[in-house]
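Chain by chain, the residues run as shown.
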Amino acid sequence: AQSVAQPEDQVNVAEGNPLTVKCTYSVSGNPYLFWYVQYPNRGLQFLLKYITGDNLVKGSYGFEAEFNKSQTSFHLKKPSALVSDSALYFCAVRPSFSGGYNKLIFGAGTRLAVHP
Amino acid sequence: DTEVTQTPKHLVMGMTNKKSLKCEQHMGHRAMYWYKQKAKKPPELMFVYSYEKLSINESVPSRFSPECPNSSLLNLHLHALQPEDSALYLCASSQDRGGDNPGELFFGEGSRLTVL
């Protein structure tokens, strides 16, 4: 079965400290991987994606993610957290055989709380 | 600012009502999506339209009826809903580039539906 796991319901970080939000996946073939952020009562905003190439992907708002094929992981990172980064983060995977549209499989989400 | 516009932002309806949710995008995207999101849960795919044709129906009950009048518009017609259908309904769009280079999804802000 194809799936995405975000093992932490919540991550707490002090402002200015580095943050990591974890994601592991299980899909057939080469995956396409995405991170989205959702602020309260808002839609999802795209942060970054991995398609192929360099395993370190840089995205919006200073976020980056590292693709690790052997560990089937795609962890989201930021060197210095801001209080405004507090939100719900979703990892998503699109199996490479899902056709021309993005039939994404979302993880359960991780709530990031950055404390002043 | 989102480039996918959803109306209304909030909708309250009775179980016998007929209402519609509307979605519009002007990015030239040819794939459009409806997702349902319950509180603190990941979005669940309902329907995908690709080039104005219904490509995916994720076994959604017939009380939800999608419509894609043209490449920029996507509607979700609602009839005889149940209280458990109360949720945030998200519209999204993406470039339909084929399997090798999936474009990311752009989400609207959502329509929060309450069924009494």
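Please read these numbers as outputs of a predicted model, since none were measured by experiment. (Residues numbered from 1 in each chain as written. Chains lettered and ligands numbered in written order. Predicted model: local features only at pLDDT ≥ 70, side-chain atom pairs only at ≥ 80, totals over all residues. Heavy atoms only, no water.)

Draft legend 1. Expanded view of the overall build of chain B. Within chain B, the secondary structure is distributed over zero helices and eleven strands. For chain B, the α and β elements follow one another from N to C terminus as β-β-β-β-β-β-β-β-β-β-β. Computed over its C-alpha atoms, the radius of gyration of chain B comes to 14 Å, within 12% of the 13 Å expected for a compact globule of 116 residues. Once the C-alpha set of chain B is aligned to its principal axes, its extents read approximately 45 × 30 × 25 Å. Residues classed as buried in chain B amount to 47% of the 116 residues present. In chain B, the share of contacts with a sequence separation of at least 24, taken over all contacts with a separation of at least 6, comes to 55%. Per element, the accessible surface of chain B, about 5,600 Å² overall, is 48% carbon and sulfur. Averaging the positions of the 13 positive and the 13 negative side-chain charges in chain B gives two centres separated by 8 Å. (Helix = DSSP H or I, 4+ residues; strand = E, 2+ residues; numbered from the N terminus. Rg over C-alpha atoms; globule rule 2.2 N^0.38 Å. Buried < 20%, exposed > 50% of the residue type's maximum accessible area, 1.4 Å probe, protein only. Contact = heavy atoms within 4.5 Å. Areas by Shrake-Rupley, 256 points an atom, 1.4 Å probe, with all protein chains shown as cover. Lys, Arg positive; Asp, Glu negative; His and termini not counted. Charge placed at Lys NZ, Arg CZ, Asp CG, Glu CD.)

Draft legend 2. Examining the environment of Lys49 of chain A more closely. Relative to the elements of secondary structure, Lys49 of chain A occurs in strand E6 (residues 44-50). Each C-alpha atom of the pair Lys49 of chain A and Tyr32 of chain A lies 7.3 Å from the other, and the pair is 17 residues apart in sequence. Looking at Lys49 of chain A, its side chain comes within polar contact range of the side chain of Glu104 of chain B, at 3.0 Å. (Polar contact = N/O pair within 3.5 Å; in protein donor to acceptor, adjacent residues only side chain to side chain.)

Draft legend 3. Spotlight on the state of the cysteines. Residues and elements named next belong to chain A. One pass over the structure, following the stated rule, counts two disulfides over all chains. Sulfur-sulfur distance for the disulfide between Cys23 and Cys91 comes to 2.0 Å. Between Cys23 and Cys91, the disulfide has an S-S torsion of -60° and is therefore left-handed. Placement of the pair is Cys23 in the loop between strand E3 (19-21) and strand E4 (24-26) and Cys91 in strand E10 (residues 87-95), with a sequence separation of 68 residues. (Disulfide = S-S within 2.5 Å.)

Draft legend 4. Just the pairing of E10 of chain A, in detail. All names here are of chain A. Here E10 lies mainly inside the structure; nine of its nine residues are buried. Relative to E10, strand E5 (residues 31-38) is paired through eight bridges, and the arrangement is antiparallel. If you follow Leu33 over to E10, its bridge partner there is Val93. In this sheet, strand E12 (residues 110-115) lies alongside E10 in antiparallel orientation, the contact comprising three bridges. By the bridge assignment, Tyr89 is partnered in E12 with Thr110. Judged from the two bridges that link them, E10 and strand E11 (residues 105-106) form a sheet pairing that is antiparallel. Note on E11: the bridge partner recorded for Ala92 is Phe106. (Pairing = 2+ DSSP bridges.)

In short, the description is geometric, and any link to function would need to be established separately.
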